Amino acid sequence: MAAALWLLAGLVLVLLLAGARRLRRGRARSGPRAAPRGGRALVLTAHPDDEALFFGPALLGLRRAGAAPAVLCCSAGNYYNQGEIRKKELEESCCVLGIPPSNVTVIDHRDLPDNPAVEWDTQLLATIVLEHIEAKNINLVVTFDAGGVSGHANHVSLYAAVRYLHSEGKLPEGCRVLVLESVGLVRKYISFLDVPLSCLLPTDVLFILSEEETEQAKRAMRCHRSQLLWFRHLYVLFSRYMVVNSLRLL
Ligand SMILES: *[C@@H]1O[C@H](CO)[C@@H](O)[C@H](O)[C@H]1NC(C)=O
Ligand SMILES: [Zn+2]
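All of these numbers come straight from a predicted model, not from anything done at the bench. (Residues numbered from 1 in each chain as written. Chains lettered and ligands numbered in written order. Predicted model: local features only at pLDDT ≥ 70, side-chain atom pairs only at ≥ 80, totals over all residues. Heavy atoms only, no water.)

Describing the pattern of salt bridges
Applying the stated criterion to the full structure yields 10 salt bridges. The residue Glu-213 makes a salt bridge to Arg-64 at a minimum N-O spacing of 2.7 Å. Here Glu-213 is found in helix 10 (residues 211-222), whereas its partner Arg-64 is found in helix 3 (residues 56-64), with 149 residues between them in sequence. Glu-213 sits in the buried class, given a relative accessible area of 11%. Here Lys-87 makes a salt bridge to Asp-108, at a shortest N to O gap of 3.6 Å. With Lys-87 in helix 4 (residues 83-96) and Asp-108 in the loop between strand 3 (104-106) and helix 5 (122-135), this pair connects stretches of sequence that are 21 residues apart. Assessed through its relative accessible area of 24%, Lys-87 is described here as partly exposed. Overlapping salt bridges, with partners in common, bring together Asp-49, Arg-86 and Asp-114 in one network. (Salt bridge = Lys/Arg side-chain N within 4 Å of Asp/Glu carboxyl O. Helix = DSSP H or I, 4+ residues; strand = E, 2+ residues; numbered from the N terminus. Buried < 20%, exposed > 50% of the residue type's maximum accessible area, 1.4 Å probe, protein only.)

Structure (structure tokens):
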């Protein structure tokens, strides 16, 4: 009985591995309503390193789809007083991801502190984000969903602000919003084995990185030297967010 179970588990693993390889070699499969060619995308993050920890597949995938994204990071990541270092690391990381410094903006606002215990004010954040969207003539905003991937209060605040702009009709005409799906613990840490699952489950847009692109995303993460504690190395090894991003339209 136990042997049969192990055999079954082995078989499932082999199928997952084979599926993941094929799907990744087939390169980014984007959903039917993926970013339009020539789109102007904005990826909205809370901390310097969010772009590499969570949004690598979306950033590289958007660029591949011809919608060169800009990054708006809503804090300098100053929780441990490393704000200045972290801003530089963000620029380097974005450079590796093909985003020039001119398209990387950091908001360093007294009332938007990097702090897991602080919910950012929705109105203030929405005003700042909207200004940026209008100034850059953005037509696609990408950010966290209600789960904020890691549940960090600052991540969730971004979702609240963007949902507010969306539901109040304050976004410019034709500007769409994609939110990054938060998945459960098991799916979060099975790396590329989550690729076949992500393909099967319903979602609006899916970005899958090839093996070379995943290396590029890891290189971006390694720019965040002040953040490379042992558990972040484990994260980079095992997180699906280094390989696949599934997103939903608001
Ligand atoms: C900067 O971002 C904007 C908005 O997404 C985009 O249209 C533009 O092509 C980007 N520029 C570069 C050089 O990537
Ligand atoms: Zn963060």
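Structural notes on the coordination of the zinc ion (ligand 2)
Surrounding the zinc ion (ligand 2) are the protein donor atoms His-47 (ND1), Asp-50 (OD) and His-155 (NE2), at 2.1 Å. All donors of the zinc ion (ligand 2) come from a single chain, and their spacing in sequence reads H-x2-D-x104-H. Placement of Asp-50 in helix 2 (residues 50-53) and of His-155 in helix 7 (residues 153-167) is noted, with a sequence separation of 105 residues between them. We classify Asp-50 as buried; its relative accessible area is 1%. (Donors = N, O, S within 2.8 Å, 3.2 Å for Na, K, Ca; no water.)

What about the site of ligand 1?
Around ligand 1, the neighbouring residues are Arg-40, Ala-41, Ala-68, Ala-70, Pro-100, Asn-103 and Ile-138. Ala-68 has a polar backbone atom sitting 3.0 Å from an oxygen atom of ligand 1. At 2.4 Å from an oxygen atom of ligand 1 is found a side-chain nitrogen or oxygen belonging to Asn-103. Protein contact buries 63% of the 360 Å² of open area that ligand 1 shows by itself. Partitioning the shell around ligand 1 into residue classes produces five nonpolar, one polar and one charged. (Near = heavy atom within 4 Å. Polar contact = N/O pair within 3.5 Å; in protein donor to acceptor, adjacent residues only side chain to side chain. Areas by Shrake-Rupley, 256 points an atom, 1.4 Å probe, with all protein chains shown as cover. Nonpolar A, V, L, I, M, F, W, Y, C, P; charged D, E, K, R; others polar.)

Some thoughts on the sheet that holds strand 7 (residues 244-249)
The strand order across the open sheet formed by seven strands is 3-2-1-4-5-7-6, and the pairing between neighbours is mixed. Taken across any chain shown, the strands that pair with only one partner, and hence form the sheet edges, are strand 3 and strand 6 (205-208). Going across the sheet, the axis of each strand differs from the next one's by a mean of 20°, ignoring polarity. Judged from the five bridges that link them, strand 4 (residues 140-144) and strand 5 (residues 176-180) form a sheet pairing that is parallel. Across the sheet, Leu-140 pairs through a bridge with Arg-176, a residue of strand 5. (Pairing = 2+ DSSP bridges. Axes fitted to C-alpha atoms, helices over the stretch in contact; angles between N-to-C directions.)

With respect to the packing of helix 5 against helix 7
The relative placement of two packed helices comes down to the angle between their axes together with the axis-to-axis distance. With their axes 9 Å apart at the nearest point, helix 5 and helix 7 run at an angle of 70° to one another. Relative to helix 7, the element helix 5 lies roughly perpendicular. Like other packed secondary-structure pairs, helix 5 and helix 7 cross with a definite hand, here right-handed. Of the residues in helix 7, those in contact with Thr-122, Gln-123, Leu-125, Ala-126, Val-129 and Leu-130 of helix 5 are Ser-157, Leu-158, Ala-160, Ala-161, Tyr-164 and Leu-165. Its residues placed into classes, the contact of helix 5 with helix 7 shows nine nonpolar, three polar and no charged. (Parallel < 35°, antiparallel > 145°, perpendicular 65-115°, else oblique. Left-handed = near helix turned anticlockwise from the far one by under 90°. Contact = heavy atoms within 4.5 Å.)

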